[in-house]
Amino acid sequence: MHGNKYSIYVHIPFCKARCGYCAFCSCTDYSLADRYFDKLFAEIEHFSDKTKPIYTVYIGGGTPSTVGTKRLDALFGKLRECFDLSVAEEITVECNPESADLPLLQCLARNGVDRVSFGLQSVNNDTLRRIGRLHTFEDFLNAFDLARNVGIKNVNADLILGLPETKEDFFHSVTCLARLPVSHVSVYALELHEGTPLFAQFADKPPFTDDEQADMYDKAVQLLAEMGLERYEISNFAKRGYECKHNLNYWQEGRYFAFGASASGFVENERFTQPQSVQGYLDASLCRLHETTESISLAEEANEFVMLGLRLAEGISLSEFSARYNADFWTFFSSARRLAEQGFLTVTGDRVAVPGDKFYVVDSVLAELWHSNE
Ligand code: SF4
């Protein structure tokens, strides 16, 4: 048995430049774009399925806003031809501020996009330059206005915590952003990945210690809450009713088709991952895509349901857990009672959750639960 909501994720890996911290599947060689889109459209056709109404669509990257309106029009045409998007409740496209101009945003609006997610990262132009971003805060403000003018009112902006800047710079970003009519903010901690320019600069001495980052995170949670942006997942904050439906479907163990290099999907009870590089994706034959699959047993899915669900502020429903997996939560995880006694889990009616003041250690709580089910 499983949740029957289906989403679609499409990965567009092209970026005008590599950011100093980037470890995503991204590529600056736009001469590959025509071949990439041909392959993507062939893949979407090959795995088309009109029997499952699509709940949400998310076009991520990379920088989807840099591939041109013609390709984006064609992509939405192909998705509608191959899937049933008639009842989709949310269609998101990731944009970088400098490339989200009026023609681009008009193209998104006419294709039914009702949510854009901007990679803002910081409002401080010096910081943005230092980490290799191509936009300024003013570019973001401009793109944000254009999005609203074409009717896309549901806007997310990403921020990064722990960049090489002062704590005050970070809090300035949080408050500036929260004062705007954004509906959603994501705050991700900087990860230093080997091979990236920021790793070379900061691996030995990161801009902040773990304790400092924890304090900065707590203060950001408080500042955002004061402006009506409530935390609903460890890194995600939204005005009421604007929680990202697409990501919630991942965290609530929903299902998703996935297309493009490095994308991961979960269809029926099979998880699959695509080739991680653009070249690997272009070289793979169509019938080999979606091939690296892993069948997920009911017990594994029960584990995942809890690992993902407890990252949400609302936690998980005990009755849903028993109904889906025919198991009792407290027996399934032998450490759960002790964690509840120690205050790392709270029970409110039918729901179990990690309390707000313990959210920063959610990974350790999940690890303890996970090991107690082995
Ligand atoms: S825009 Fe995103 S995907 Fe592209 S290089 Fe920067 S961090 Fe990587």
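Just so it is clear, the structure is predicted and the values come from calculations on it, not from any experiment.

A word on the overall build of the protein
The secondary structure content of the protein amounts to 15 helices and 15 strands. Over its C-alpha trace the protein gives a radius of gyration of 21 Å, about what one expects of a compact globule, namely 21 Å for 374 residues. When the backbone C-alpha atoms are referred to their principal axes, the protein occupies close to 55 × 50 × 40 Å. Residue burial in the protein is summarised as follows: out of 374 residues, 41% are buried. Partitioning the contacts of the protein with sequence separation of at least 6, the portion at a separation of at least 24 is 73%.

Thoughts on the site of the ligand
Residues in contact with the ligand, as listed here, are Cys15, Arg18, Cys19, Cys22, Phe24, Ser26, Gly61, Gly62, Thr63, Asn96 and Gly119. In terms of residue class, the shell around the ligand is built from four nonpolar, six polar and one charged.

Quick look at unusual backbone geometry
For the peptide bond that leads from Gly61 to Gly62, omega is 20°, which places it in the cis range. Despite not being glycine, Gln121 shows a phi value in the positive range, around 75°. With respect to the helices, strands and loops of the structure, Gln121 is situated in strand S4 (residues 115-121). Here Ser262, not a glycine, exhibits a phi torsion of approximately 70°, which is positive. Here Ser262 lies in the loop between strand S9 (255-259) and strand S10 (264-267). Residue classification places Ser262 among the partly exposed residues on the basis of 19 C-beta atoms within 10 Å.

Structural notes on the domain arrangement of the protein
The domain architecture assigned to the protein consists of domain 1 (6-250) and domain 2 (298-371). Summarising the inter-unit geometry, the C-alpha centres of domain 1 and domain 2 are found 29 Å apart. Its residues assigned to classes, the side of domain 1 that touches domain 2 comprises five nonpolar, no polar and two charged.

Observations concerning the sheet that holds strand S13 (residues 316-317)
By definition, the strands of a sheet pair up through backbone hydrogen bonds, in either a parallel or an antiparallel sense. Overall, antiparallel pairing links the three strands, which are arranged S13-S15-S14 in an open sheet. Two strands lie at the open edges of the sheet, namely S13 and strand S14 (346-348), each paired on one side alone. Pairing of S14 with strand S15 (residues 351-353) involves three bridges; the strand directions are antiparallel. Bridge assignment links Val347 to a residue of S15, and that residue is Val352.

Here we look at helix H6 (residues 167-179)
Its 13 residues give H6 an end-to-end C-alpha distance of 19 Å, which sits within 8% of 18 Å, the value for a rise of 1.5 Å per residue. Where H6 is concerned, the buried positions are Phe170, Ser173, Val174 and Leu177. Along the axis of H6, the buried positions cluster into a sector of 95°, meaning they face one direction only. Exposed residues pointing more than 90 degrees away from the buried face of H6 are listed as Glu168 and Arg179. Where the residues of H6 are buried, they touch S4, strand S5 (154-161), strand S6 (184-189) and helix H8 (210-226).

Focus: the nonpolar core
Judged by nonpolar contacts, the single largest core of 83 residues is most densely connected at Ile8, Val57, Leu79, Val116, Leu159 and Val185. Ignoring any residue separated from it by four or fewer positions in sequence, one finds Val185 in contact with Asn156, Ala157, Leu159, Leu177, Ala178, Leu224, Leu229 and Phe237.

A short note on the environment of Glu300
Mapped onto the elements, Glu300 comes out in helix H11 (residues 298-309). For Glu300, a count of 13 C-beta atoms within 10 Å translates into the label partly exposed.

Definitions and cut-offs
Residues numbered from 1 in each chain as written. Predicted model: local features only at pLDDT ≥ 70, side-chain atom pairs only at ≥ 80, totals over all residues. Helix = DSSP H or I, 4+ residues; strand = E, 2+ residues; numbered from the N terminus. Rg over C-alpha atoms; globule rule 2.2 N^0.38 Å. Buried ≥ 20, exposed ≤ 12 C-beta atoms within 10 Å, placed from the backbone. Contact = placed C-beta atoms within 7 Å. Near = placed C-beta within 6 Å. Nonpolar A, V, L, I, M, F, W, Y, C, P; charged D, E, K, R; others polar. Domains from an automatic or database assignment. Pairing = 2+ DSSP bridges. Expected span 1.5 Å × (residues − 1). Arc of directions from axis to C-beta. Core = buried A, V, L, I, M, F, W, Y, C linked by C-beta atoms within 7 Å.

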